[in-house]
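Each chain, written out:
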Amino acid sequence: MATGTTLSRHVSAEEDWRKDAAGELASLLEPMAFAGKILAREIDQAALAGKLGLAGDQNATGDMQKKLDVISNEIVMDAFEGCSLLAGIASEELSEAVVMSTSEDARYLLCTDPLDGSSNTDVNAPLGTIFGILQRSRMGELSAEEFLQKGSELVCAGYVLYGTSTVLVYTAGSGVHGFTLDRGVGEFMLSHEDIRCPHKGTVYSANVGRHNDWEPGVRKYLDHVTEKDKPSGRPHSLRYTGALVADLHRCLLDGGVYFYPADPGNRNGKLRLLYECAPLACVAEQAGGAASTGRGPLLDVMPEAIHQRTPIAIGSVENVALYERFMAEG
Ligand code: AFP
């Protein structure tokens, strides 16, 4: 196609998403794409607009908020104002889920980390936005419990990666597709159709500075991947950006694994289940990859609280399976 394929053109072609939902996918993805375009501009200009540094408050889970954390949350919420399909939003930056539309059409829920990788905001390193869309199990007044669904219930999930280019990646259950922002026309253009995660890779992403706090099985996994063994392609290479979205994107395209295990300071892991790990696990599995808590499929975990944390290993099937084997052996 001479002009390329825009996100909206691709989504409308994917409208067999659910027979009774014609047009709903577009109505849910467009606001997220718009938020991604605005955020790409805000991040690009933040240093010139005095928007770097700390905001001065903590978020719901005790993280010190950066100015861009607050701005990102506002941009995502503004983008969905007036979206009659969205009943509510659960966000890393909000202590409680917020009601959006009370329309009888409001059958969907958004779980989001508006800015993943906040430690990178002031050093021009990668950042991301993570989103997952659930369906309501009932209508009427919204309750927080409606967000507590397994990742396997997600009907749409994805991320925006603000890196050397800005890329939006999503799945609605029919594969994983990537769109690169063409700033000249202000459109996300199809650039990575049907992303397939390599079955195995030779890259791992982890905060190895914490390895002394890791349980024995994880330490043995690290020893294994750093051993010299040319036939099996070891030692593997460490790539760790400080933004899960960026490290996962690499795994999806080149193969490899990202892991953030539990440690004494993070007994249930650091990453949040509902709006970080579950949406990315949905994307990874749809791309032919895998996502685990280290002891079982991450998409099977039933959340008990909106800001619940979980250990995670996500990426190529073989790398995740090997990580699980080392954890099982202890
Ligand atoms: P922030 O958004 O608070 O920077 O956390 C980012 C993140 O959730 C994930 O994107 C990174 O891979 C991981 O945490 C970095 O955590 P460490 O700084 O403990 O390695």
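Residues numbered from 1 in each chain as written. Predicted model: local features only at pLDDT ≥ 70, side-chain atom pairs only at ≥ 80, totals over all residues. Heavy atoms only, no water.

> Looking at this structure, how should I read the overall build of the protein chain?
Secondary structure assignment for the protein chain yields 7 helices and 15 strands. Based on the C-alpha atoms only, the size of the protein chain along its principal axes is roughly 55 × 45 × 45 Å. Counting over 330 residues, the protein chain shows a buried share of 55%. Taking the contacts inside the protein chain whose residues are at least 6 apart along the sequence as the reference set, 61% of them involve residues at least 24 apart. Accessible area of the protein chain: about 13,800 Å², with a carbon and sulfur share of 48%. The centroid of the 29 positive side-chain charges in the protein chain is displaced by 7 Å from the centroid of its 45 negative side-chain charges. (Helix = DSSP H or I, 4+ residues; strand = E, 2+ residues; numbered from the N terminus. Buried < 20%, exposed > 50% of the residue type's maximum accessible area, 1.4 Å probe, protein only. Contact = heavy atoms within 4.5 Å. Areas by Shrake-Rupley, 256 points an atom, 1.4 Å probe, with all protein chains shown as cover. Lys, Arg positive; Asp, Glu negative; His and termini not counted. Charge placed at Lys NZ, Arg CZ, Asp CG, Glu CD.)

> I tried to follow the packing of aromatic side chains on my own but got confused; where do I start?
This model, assessed by the stated rule, comprises 7 aromatic pairs. Here tyrosine 170 and phenylalanine 179 contribute two aromatic rings whose centre-to-centre distance is 6.0 Å and whose plane-to-plane angle is 25°, an arrangement assigned as stacked. The two residues tyrosine 170 and phenylalanine 179 agree in class, both being buried. Judged by centre distance (5.5 Å) and plane angle (65°), the rings of tryptophan 214 and phenylalanine 259 are edge-to-face. Placement of tryptophan 214 in the loop between strand S11 (203-205) and helix H4 (216-226) and of phenylalanine 259 in strand S13 (residues 257-260) is noted, with a sequence separation of 45 residues between them. The exposure class of phenylalanine 259 is buried, given its relative accessible area of 0%. Each residue in the set Trp214, Tyr221, Phe259, Tyr323 and Phe326 is aromatic and connected to the rest through ring pairs, giving one cluster. (Phe/Tyr/Trp six-rings, centres within 6.5 Å; stacked < 30°, edge-to-face > 60°.)

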